[in-house]
Amino acid sequence: MINLKRNNKQELVDAKGIRKESSIYKPNQKENFKLSRSKFEDFLKCQRCFYLDRVKGLIRPGMPSWTLNETTDLLLKKEFDQCREDQVAHRLFSKNRLDHLVPFKHEQMDKWRDSLRHGLIARFEDTNIILSGGIDDIWQDTNTKELIVVDYKSQASSYEVKAESYLNSGWHEGYKNQMDFYNYLLNLMGFKTADTSYFLVVNANRAADGFHGVMEFSETLIPYHYDTSWIPEKVNEMIKCMNHDEVPKNHPSCENCAYSKQIFNLVKNKS
Ligand code: SF4
């Protein structure tokens with residue numbers, strides 16, 4: 001995808017490809033350094049890209065915002081916020097025999113949902129690394145008072161959404177990491193979380209006979225038994241990686257790297 005850099009006035013500007021010194025990690029630095037859930041996911045996918053971004057300051061090409069997905073999130077948030085205000089079960093809870101749940105009411109909820117400026121925040125062990133992650137929603141079990149992490153997911157598939165195939169799909173590995181990470185952060189912050197988290201999947205109906213100005217969605221709650229046990233080891237590996245002088249190896253399955261390599265070979269052979 002071709003991505004041209006524009007300023008706030010939407011004018012084209014030079015793309016520098018490198019970030020400000022202040023947001024770059026210096027190996028073995030003592031000052032606090034914030035790492036978001038998405039950077040942790042980058043580390044899990046490709047240590048080289050993570051390192052080039054966090055330690056060398058390279059800026060990866062941006063992505064256009066996914067406004068349709070954002071809109072389903074926004075509308076779901078409005079519905080759940082109404083139930084949060086009234087402390088009543090959402091209509092989907094009764095359908096799924098979860099009448100004992102309510103959306104969790106907390107003064108920090110808006111901050112926790114703000115992944116860019118805040119999110120859930122906790123220090124990792126006794127290090128200078130501050131972990132963060134912006135959640136979609138948190139519900140609460142009114143019997144046990146435990147918190148339940150919820151992630152809204154939008155998609156368009158011709159297949160019915162089923163828990164087993166959804167959770168076993170290779171495309172959704174990152175979703176499960178995400179859920180594990182949010183539970184881990186909440187636990188670090190001192191909250192007790194229930195064993196089961198939920199993906200609320202809204203699936204656009206591609207078999208409809210036309211658009212007619214409306215897109216129909218099915219709504220499915222997918223229970224997920226999260227696991228946080230693997231996270232500390234991986235975060236320690238991530239810190240070790242950042243404290244190294246050597247740039248890690250690239251991922252052999254990455255199409256971006258393969259593309260850059262081919263461009264480099266073509267240009268080199270011509271010169
Ligand atoms: S393989 Fe290359 S482009 Fe792909 S994620 Fe890693 S460093 Fe980035």
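Please refer to the structure higher up on the page.
About the thresholds
- Residues numbered from 1 in each chain as written.
- Predicted model: local features only at pLDDT ≥ 70, side-chain atom pairs only at ≥ 80, totals over all residues.
- Helix = DSSP H or I, 4+ residues; strand = E, 2+ residues; numbered from the N terminus.
- Buried ≥ 20, exposed ≤ 12 C-beta atoms within 10 Å, placed from the backbone.
- Contact = placed C-beta atoms within 7 Å.
- Near = placed C-beta within 6 Å.
- Nonpolar A, V, L, I, M, F, W, Y, C, P; charged D, E, K, R; others polar.
- Core = buried A, V, L, I, M, F, W, Y, C linked by C-beta atoms within 7 Å.
- Axes fitted to C-alpha atoms, helices over the stretch in contact; angles between N-to-C directions.
- Parallel < 35°, antiparallel > 145°, perpendicular 65-115°, else oblique.
- Arc of directions from axis to C-beta.

**Here we look at the overall build of the chain**
Scanning the chain from terminus to terminus reveals 9 helices and 8 strands. For the C-alpha atoms alone, the extent of the chain along its principal axes is close to 65 × 55 × 40 Å. Per-residue burial for the chain yields a buried fraction of 23% across its 271 residues. Contacts spanning at least 24 positions in sequence make up 65% of the contacts within the chain whose residues lie at least 6 apart.

**Here we look at the site of the ligand**
In the neighbourhood of the ligand, the contacting residues comprise Cys46, Arg48, Cys49, Asn250, His251, Cys254, Asn256 and Cys257. Looking at the shell around the ligand, the elements that each hand over two or more residues are α2 (47-54) and α9 (255-270). Classifying every residue of the shell around the ligand by side-chain character gives 4 nonpolar, 3 polar and 1 charged.

**Digging into the nonpolar core**
Within the largest apolar cluster, 39 residues are counted, with the highest numbers of intra-cluster contacts made by Ile138, Trp139, Ile148, Val149, Val150, Tyr182 and Leu185. Residue contributions to this core peak at 6 residues, all from helix α7 (residues 173-188). If near-sequence neighbours (up to four positions away) are discounted, isoleucine 148 is found in contact with Leu101, Ile138, Trp139, Gln140, Asp141, Thr193, Ala194, Thr196, Ser197 and Tyr198.

**Here we look at the packing of helix α1 (residues 37-45) against α2**
In a pair of packed helices, the angle between the axes and the distance between the axes together describe the arrangement. Put simply, α1 and α2 touch, their axes get as near as 5 Å, and they point 135° apart. In terms of their interaxial angle, α1 and α2 are classed as oblique. Contact with α1, carried on its side by Lys39, Asp42 and Phe43, involves Gln47, Cys49, Phe50, Asp53 and Arg54 of α2 and no other residues of that element. Tallied by class, the residues present in the contact of α1 with α2 amount to 3 nonpolar, 1 polar and 4 charged.

**A word on unusual backbone geometry**
Trans is the common state for peptide bonds, and a negative phi is the common state for residues other than glycine. A positive phi angle is found at arginine 97, which is not glycine, with a value near 55°. Here arginine 97 shows up in the loop between α4 (91-95) and β2 (101-103). Note on arginine 97: 7 C-beta atoms within 10 Å, which makes it exposed. The residue histidine 212 is not glycine, and still its phi comes out positive at about 50°.

**Digging into α2**
Along an α-helix, residues three or four apart share an orientation, since each turn contains 3.6 residues. Where α2 is concerned, the buried positions are Gln47, Phe50, Tyr51, Asp53 and Arg54. For α2, the arc enclosing every buried residue in end-on projection is 165°, short of the 170-degree limit, so these residues lie on one face.

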